[in-house]
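# Coordinate analysis (summary)
Read off the chains here:
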Amino acid sequence: MKKLLIGNEAVAWGLYHGGLRVISSYPGTPSTEITEFLSKHDDIHTEWAPNEKVACEAAFGASLAGARSACAMKHVGLNVAADPLFTLSYTGVTGGLVICVADDPAMHSSQNEQDSRHYAAAAKVPMLEPSDSAEAYAFAKSAFTLSEEYDTPVILRMCTRIAHSQCLVEIGNREEVPLKEYVKQPAKYIMMPGYAKVRHPLVEQRTERLRALAENCEYNRVENRGSKIGIITSGCSYLYVKEVFGDSVSILKIGMPNPLPEKMIRDFASSVEKLYVIEELDPVIENHVRALGIDCTGKSLFSAVGEFSQQTIREAFRKEGVSFGEQPEMQGKAPQVPGRPPMMCSGCPHRGMFYTLAKNHITVLGDIGCYTLGAVAPLNALDSTLCMGASVSGIHGFNLARGGETEKKTVAVIGDSTFMHSGMTGLVNIAYNATNSTVIILDNSITGMTGHQQNPTTGYNIKGDPAAKVDLEALCRALGIRRVRVVDPYNLKECEQAVKEELAAEEPSVIISRRPCVLLKYVKPKAPLRVDSAKCRACRRCMGLGCPAISMKEGKARIDQTLCVGCGVCEQLCPFEAIGEEERK
Amino acid sequence: MKTTSIMIVGVGGQGSLLASKLLGNLLTEEGYDVKVSEVHGMSQRGGSVVTYVRYGQKVYSPIVTEGECDFIISFEKLEGARYASCLRKGGKIIVNTQQIDPMPVITGAAEYPENVLEELKTQGFDVDDFDALTPALEAGSAKAVNIVLMGHFARHSGIPKEHWIQALEKTVPARFLEMNRKAFELGYTA
């Protein structure tokens, strides 16, 4: 039966039908839905791990024990899982192991646009790259066989556009693959120098065998149209090329970007007069083609920055003087309009704490999550955002560099899930190497930005069943922090007092700013607040919150009744008591 | 047949994902090759969001670029204007006249262009603007704006109304069906 599936759901079906038994992942846009869809099956084990390294190692353990296993993450998650990846390449697998990684060209929801293909090359493992949901299903399914046949983990590379685009997919049935017997194999699985030295040559031999496979496999194909122009392309770039040229140019479509074929490329290149390489992000295929001594046009025409589209292809070939099918004709030029950046929701529990920090002119090292939005106007509350956990580790270094001068006016802010991911180790460092740093854990009781995933602090697992709950206060104390306190970010006085006292303290401290995300189903909104326009003097203090529900209309503050959830933070700010519930007026 | 391209644009949280799901189900049922491209993640937090829906005999690209779009369905005035360059000659833009101020307007860093739809019309854009919020509230919830708009679009779609209703029944949870059916009807006749 044909179903309309987003790429990530197709990957989930592919893995499931390929005999997956265990998947461990950490959420990250655009990869999250792979594991969410799989969690609907009760005959396999799915979980959210605290971070991608743990997830990848859990998948390794399951493979070692004989099960087909997987992990899924966003591109920057593979940085975290890189440690197991590079040595997994040496050990190989028992049950097939698939590492799903989703790149984010154009940074729809990421802090960089790194190209995961470099990891496959560097770790010397095969990588598959589908162009749409149908291929995502097929590649995910066959990746297990590839993994077991070549005794290697396989990376399945997605990108935002494919992960979140739907197309029709013919899905089959689940292949029941029995657990392989566990046999102790020290020389294969204990990677100490003596054994690893024996494994490395095997990796090189495996790469040679995979190179041979690349010449003749289901993943790479030539569409020979006898044209003068030839295009080597992969991923969604293939779709844009087809959109523009249809069947009028010859194409070498690469579905296995590592290792790349040689003869196939040479033969293709010699069959055309002019060769183009069209790939998003880095010139991985192009560099390979050049290394073969073949001339081609790639990044000189197609940017290494951002996403492509059919428009990108048209504009490039227009410059080249190449003709193609129909030219789109615009009805008109859109007027210039103000931008609409994402922002913290009305009633977001992070807002009260960020307001307090901004008001007190505190330097704030930020982290990855919804609360990165504390950086935008009017709060402008953040000074840095680097990667998961870098707020906590970074504040220590910041204070080391500038000593007592900054310890009284700098904090790190990090979410509950991010703290579990990689904030804990930074906190150990603060305690152990003793800076008087203050860390604020913005505990909204969920992994927010990726769309509400459970984590070890929420007390529920991926299926919503009760699970062991990390006690954040006890954890921080156990890591060596004596000053740990909890505040309600809807209470501005409490926030300010806590921040001032903890910054003044002569020892490291943690403030847990705790209130569940307002979008959680169990959080019931309170009655919306209103502005009494007779009392409002247009001082605009409430506007400093950057709440999407509050705006100035006809010279007075006004609260949008459909957006306000009655959090009451603005009410505490108003010096004229103009804000309140209607009944009180 | 030529591929038809539709864009559903609005503000994160307005319910464009349900609208595209409805369209996807309908077009699949009609036997077309269909591609739908959504936005997840950060832009859903009150940012500008766009969903692309394309259908025909064989569809390659899941996205729509300048001068390609047959129909833009906009949940908000400003967002309709933002993507107007995507409209092809002969295309139509359906706009809900609702105004949602973006943060730069709220903070006073920018001004909301109040007459933006008139400006589009003056420039020769085929603009079909109407208030979708009032019928949505009449149907039972501000959240039904998405189905009011889809009802309005259905009239231009060339696909029989009953097929739309069947797709709606498949897409919407049973307990919201009555409200959405009403919203669809009000949009269709608006």
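Residues numbered from 1 in each chain as written. Chains lettered and ligands numbered in written order. Predicted model: local features only at pLDDT ≥ 70, side-chain atom pairs only at ≥ 80, totals over all residues. Heavy atoms only, no water.

## Concerning the overall build of chain A
The helix and strand tally for chain A stands at 21 helices and 21 strands. By the compact-globule yardstick of 25 Å for 585 residues, chain A fits well, its C-alpha radius of gyration being 27 Å. Projecting the C-alpha coordinates of chain A onto the three principal axes gives extents of approximately 80 × 65 × 50 Å. When burial is assessed residue by residue, chain A has 60% of its 585 residues classed as buried. For chain A, the computed accessible surface area is about 23000 Å², with 53% contributed by carbon and sulfur atoms. (Helix = DSSP H or I, 4+ residues; strand = E, 2+ residues; numbered from the N terminus. Rg over C-alpha atoms; globule rule 2.2 N^0.38 Å. Buried < 20%, exposed > 50% of the residue type's maximum accessible area, 1.4 Å probe, protein only. Areas by Shrake-Rupley, 256 points an atom, 1.4 Å probe, with all protein chains shown as cover.)

## As for the layout of surface pockets
Residues and elements named next belong to chain B. Approximately 650 Å³ is the volume found for the second largest pocket. Around the second largest pocket, the lining is made up of 28 residues, and of these Val-50, Tyr-52, Val-64, Tyr-83 and Cys-86 lie nearest the centre. Looking at the lining of the second largest pocket, its residues break down into 13 nonpolar, nine polar and six charged. (1 Å grid on protein atoms, 1.4 Å probe; cavity = no way out; pocket = protein on both sides within 12 Å on 5 of 7 lines; lining within 4 Å. Points joined across faces, edges and corners; volume = space filled by probe spheres on them. Nonpolar A, V, L, I, M, F, W, Y, C, P; charged D, E, K, R; others polar.)

## Topic: the domain arrangement of chain A
All names here are of chain A. Domain boundaries in chain A define domain 1 (2-214), domain 2 (221-319), domain 3 (350-514) and domain 4 (530-580). Look at where the C-alpha atoms of domain 1 and domain 2 centre, and you get two points 26 Å apart. A buried area of about 2100 Å², summed over both sides, lies between domain 1 and domain 2, and 57% of it is on carbon and sulfur atoms. It is Arg-117, Ser-131 and Ala-214 in domain 1 that bury the most area against domain 2; as a group they hold 28% of the surface buried on that side. Counting across the domain 1 and domain 2 interface gives four salt bridges. We note a salt bridge from Glu-307 to Arg-161, for which the minimum N-O separation is 3.0 Å. For the pair domain 1 and domain 2, the number of links is 16 residue pairs in polar contact (both at pLDDT 80 or more). Elements with a contribution of two residues or more to the side of domain 1 that touches domain 2: α6 (117-123), β6 (127-128), α7 (133-149), β7 (154-159), α8 (160-163) and α10 (193-215). In terms of residue count, the dominant contributor to the side of domain 1 that touches domain 2 is α10 (five residues). A class-by-class count of the residues in the side of domain 1 that touches domain 2 yields 15 nonpolar, five polar and nine charged. (Domains from an automatic or database assignment. Buried area = accessible area lost by both parts, 1.4 Å probe. Salt bridge = Lys/Arg side-chain N within 4 Å of Asp/Glu carboxyl O. Polar contact = N/O pair within 3.5 Å; in protein donor to acceptor, adjacent residues only side chain to side chain.)

## Quick word on the interface of chain A and chain B
Residue-level contacts link 55 residues of chain A with 59 residues of chain B. For the chain A and chain B pair, buried surface summed over both sides reaches about 5000 Å², with 56% attributable to carbon and sulfur atoms. Considering only the surface of chain A that becomes buried against chain B, Gln-331, Pro-338 and Arg-340 of chain A emerge as the three largest contributors, covering 18% of it. Scanning the region where chain A abuts chain B turns up six salt bridges. (Contact = heavy atoms within 4.5 Å.)

## Describing the side chain of Asn-455 of chain A
All names here are of chain A. Residue position: Asn-455 is located in the loop between β15 (438-443) and α19 (472-478). Here Thr-457 takes part through its side chain, which lies 2.6 Å from a polar atom of the side chain of Asn-455. Among all residues touching Asn-455, those that are not within four sequence positions of it are Asp-416, Ser-417, Ile-446, Thr-447 and Tyr-460.

## Some words on the sheet that holds strand β8 (residues 165-170) of chain A
Strand order in this open sheet of eight strands is β1(A)-β8(A)-β2(B)-β3(B)-β1(B)-β4(B)-β5(B)-β6(B), and the pairing throughout is mixed. With one partner strand each, in any of the chains shown, β1 (2-6) of chain A together with β6 (127-130) of chain B form the two edges of the open sheet. Geometrically, the sheet is characterised by an average inter-axis angle of 20° between neighbouring strands, direction not taken into account. Of the strand pairs in this sheet, β1 of chain A and β8 of chain A are connected by five bridges, and their pairing is antiparallel. Opposite Leu-5 of chain A, over in β8 of chain A, you have Cys-167 of chain A as the bridge partner. (Pairing = 2+ DSSP bridges. Axes fitted to C-alpha atoms, helices over the stretch in contact; angles between N-to-C directions.)

## Focus on the sheet that holds strand β5 (residues 97-103) of chain A
All names here are of chain A. Within the open sheet, the six strands sit side by side as β3-β2-β4-β5-β7-β6. Their pairing is parallel. Single-partner strands in this sheet number two, and they are β3 (45-48) and β6. Both β5 and β7 contribute to a ladder of six bridges, which runs parallel. Each bridged residue has a counterpart across the sheet, and for Asp-103 the counterpart in β7 is Cys-159. Of the strands in this sheet, β2 (22-25), β4 (69-74), β5 and β7 are in contact with helix α1 (residues 7-17), which crosses β7 at around 160°.

## With respect to the nonpolar core
Leu-15, Phe-245 and Phe-317 of chain A together with Met-7 of chain B are the most contacted members of the largest nonpolar core, which totals 86 residues. Lining this core are residues from two domains, each supplying at least three of them: domain 1 (2-214) and domain 2 (221-319) of chain A. With residues near it in sequence (within four places) discarded, Met-7 of chain B still touches Val-50, Thr-51, Tyr-52, Val-64, Cys-69, Phe-71, Ile-72, Ile-73, Tyr-83 and Cys-86 of chain B. Counting residues in each nonpolar core, the second largest holds 69 residues, with Val-392, Met-420, Ile-481 and Ala-557 of chain A among its members. (Core = buried A, V, L, I, M, F, W, Y, C linked by side-chain atoms within 4.5 Å.)

## Section: the packing of helix α3 (residues 52-64) of chain A against helix α5 (residues 82-91) of chain A
A pair of packed helices is captured by two measures, namely the crossing angle of their axes and the spacing between those axes. All names here are of chain A. Contact pair α3 / α5: the axes reach a minimum separation of 9 Å and the direction vectors enclose 20°. As far as their axial angle goes, α5 and α3 are roughly parallel. Here the hand of the crossing between α3 and α5 comes out left-handed. Mapping the contact onto sequence places Lys-53, Cys-56, Glu-57 and Phe-60 in α3 and Asp-83, Pro-84, Leu-88 and Thr-91 in α5. For the contact of α3 with α5, the class distribution of residues is four nonpolar, one polar and three charged. (Parallel < 35°, antiparallel > 145°, perpendicular 65-115°, else oblique. Left-handed = near helix turned anticlockwise from the far one by under 90°.)

## Section: the packing of aromatic side chains
Summed over the entire model, instances satisfying the criterion amount to 14 aromatic pairs over all chains. A centroid spacing of 6.0 Å and a plane angle of 55° characterise the contact between Phe-302 of chain A and Phe-317 of chain A, whose relative ring orientation is tilted. Of this pair, Phe-302 of chain A sits in the loop between α13 (284-291) and α14 (310-319) while Phe-317 of chain A sits in helix α14; the two residues are 15 residues apart in sequence, bridging distant segments of the chain. Each member of the pair, Phe-302 of chain A together with Phe-317 of chain A, is buried. With centroids separated by 6.0 Å and ring planes inclined at 35°, the aromatic side chains of Trp-164 of chain B and Phe-184 of chain B adopt a geometry described as tilted. Residue Trp-164 of chain B is located in helix α7 (residues 161-171), and its partner Phe-184 of chain B is located in helix α8 (residues 174-189); the two are separated by 20 residues in the primary sequence. (Phe/Tyr/Trp six-rings, centres within 6.5 Å; stacked < 30°, edge-to-face > 60°.)

## A word on unusual backbone geometry
Residues and elements named next belong to chain A. A cis amide bond links Thr-29 to the next residue, Pro-30, at an omega of 10°. The residue after Asn-258, namely Pro-259, is reached through a cis peptide bond having omega -10°. Within the element layout of this structure, Pro-259 appears in the loop between β11 (250-254) and α12 (263-270). With a phi angle near 65°, Leu-281 is a residue other than glycine that sits in the positive phi range. Here Leu-281 lies in the loop between β12 (274-278) and α13. You can call Leu-281 buried: its relative accessible area is 1%.

## A look at the packing of helix α1 (residues 16-29) of chain B against helix α6 (residues 145-157) of chain B
Residues and elements named next belong to chain B. Across the interface, α1 lies against α6 with an axial gap of 9 Å and an inter-helix angle of 40°. In this structure, α1 crosses over α6, and the sense of that crossing is right-handed. Every residue of α6 that contacts α1 at Leu-18, Ala-19, Leu-22 and Leu-23 is listed here: Asn-146, Ile-147, Met-150 and Phe-153. Along the lines of polarity and charge, the residues of the contact of α1 with α6 split into seven nonpolar, one polar and no charged.

## With respect to the pairing of strand β1 (residues 4-11) of chain B
All names here are of chain B. Taking burial as the measure, the eight residues of β1 include eight buried ones, the bulk of the element. The sheet contact formed by β1 and strand β3 (residues 48-56) spans eight bridges and is antiparallel. Following the sheet pairing, Ile-6 is matched in β3 by Val-53. As paired elements, β1 and strand β4 (residues 69-74) share four bridges and run parallel to each other. Pairing of Ile-6 across the sheet is with Phe-71, part of β4.

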